[in-house]
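# A closer look at the structure
So you can see what is in the structure, the chains are spelled out below.
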Amino acid sequence: MSTDPVQFYDEGERLPDTLPDSPFPIFKSWFDQAWDERITPNTNAMTISTLHEDGFPDSRIVLCKEIEPDAGNIVFYTNYNGAKGRQLAESPFASVVFHWDQYERQVRIRGRVTHATEAESDRYFASRRLESRLGAWISDQSQPIESRQALLDKAAEVIAGLGLDTAALMNGEDVVVPRPPHWGGFRIHAQSVELWAGGVGRVHDRARWVRDLSESGDGFVAGSWSSTRLQP
Ligand SMILES: Cc1cc2nc3c(=O)[nH]c(=O)nc-3n(C[C@H](O)[C@H](O)[C@H](O)COP(=O)(O)O)c2cc1C
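Residues numbered from 1 in each chain as written. Predicted model: local features only at pLDDT ≥ 70, side-chain atom pairs only at ≥ 80, totals over all residues. Heavy atoms only, no water.

With 13 residues, helix H2 (residues 24-36) should reach 18 Å at 1.5 Å per residue; the first-to-last C-alpha distance of 18 Å fits that figure. All of the buried residues in H2 are Phe24, Ile26, Phe27, Trp30, Phe31 and Ala34. Viewed along the axis of H2, the buried residues span an arc of 170 degrees, placing them on a single side of the element. Relative to its buried face, H2 has exposed residues pointing more than 90 degrees away, namely Pro25 and Asp36. Looking at the buried residues of H2, the elements they touch are strand S2 (57-68), strand S3 (73-79), strand S4 (93-100), strand S5 (105-115) and strand S6 (183-197). Positioned one or two residues after H2, Arg38 has a phi angle of 45 degrees, which is positive. (Helix = DSSP H or I, 4+ residues; strand = E, 2+ residues; numbered from the N terminus. Expected span 1.5 Å × (residues − 1). Buried < 20%, exposed > 50% of the residue type's maximum accessible area, 1.4 Å probe, protein only. Arc of directions from axis to C-beta. Contact = heavy atoms within 4.5 Å.)

So, about the packing of helix H5 (residues 130-138) against helix H6 (residues 148-161). As a packed pair, H5 and H6 sit with axes 9 Å apart at the nearest point and diverge in direction by 105 degrees. For the element pair H5 / H6, the angle class is roughly perpendicular. Residues Leu134, Trp137 and Ile138 of H5 lie in contact with H6, whose contacting residues are Leu151, Lys154, Ala155, Val158 and Ile159. Residues belonging to the contact of H5 with H6 are distributed by class as follows: seven nonpolar, no polar and one charged. (Axes fitted to C-alpha atoms, helices over the stretch in contact; angles between N-to-C directions. Parallel < 35°, antiparallel > 145°, perpendicular 65-115°, else oblique. Nonpolar A, V, L, I, M, F, W, Y, C, P; charged D, E, K, R; others polar.)

On to the site of the ligand, then. The local shell around the ligand consists of Asn42, Arg60, Ile61, Val62, Leu63, Tyr77, Thr78, Ala83, Lys84, Gln141 and Ser142. At a separation of 2.6 Å, an oxygen atom of the ligand approaches a polar side-chain atom of Lys84. A total of 620 Å² of accessible area belongs to the ligand in isolation, and the protein chains cover 63% of it. Of all the elements in the fold, those that place two or more residues in the shell around the ligand are S2, S3 and helix H3 (83-90). (Near = heavy atom within 4 Å. Polar contact = N/O pair within 3.5 Å; in protein donor to acceptor, adjacent residues only side chain to side chain. Areas by Shrake-Rupley, 256 points an atom, 1.4 Å probe, with all protein chains shown as cover.)

This is the structure in structure tokens:
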């Protein structure tokens, strides 16, 4: 340890001394840096927890496909009939966490959840690879299946049932696949955001921003953010 222990603890990454009005510009810059530098194949992966009907939190990874800094929202896509889809229909609240280990950064977000618009879901669905578009039809997400082979048999059946241009498919050509009605986006309207920057000796730098969300039509009207620095 150096002769000035306080300086020592200040060597890690720091959040600004004066916390900005909104956490989103820093969050977005961290996300973009990880994305641009492709530090891992899925730098946009986030763990999302929803509330299972048995009362336990239920967590899994999904990919964050959109960050909306001005509104303070993020968007991901999934099957509305899967476990998380049903949990969100019942309890439209979520907690997510991003971790970019190489940069010693963590972002935690808690928020209220709504469906993305049909137009957004159509747009994003159309941008996915053919295999993923077909996959969205094949899988009754989170439902049991007796074997892997049964899933592959089901895949063949479902693809045949879609009435697509089979000759084009067999040729490896792209074909238009309609979006399944049970597949689409969820928008998380952040109500609280915590930024965590790793520090020396576990004396990390943490701050949390919170704001009010009042329901309005299909979405929310958000109050302004207020911030608090937290002990690590
Ligand atoms: C790196 C990675 C990315 C994933 N991305 C998604 C995603 O964007 N959407 C999704 O529905 N599932 C995604 N999954 C699968 C989920 O983790 C999960 O297995 C699936 O959504 C079923 O969860 P549920 O039964 O809780 O609904 C991803 C898994 C991994 C490991």
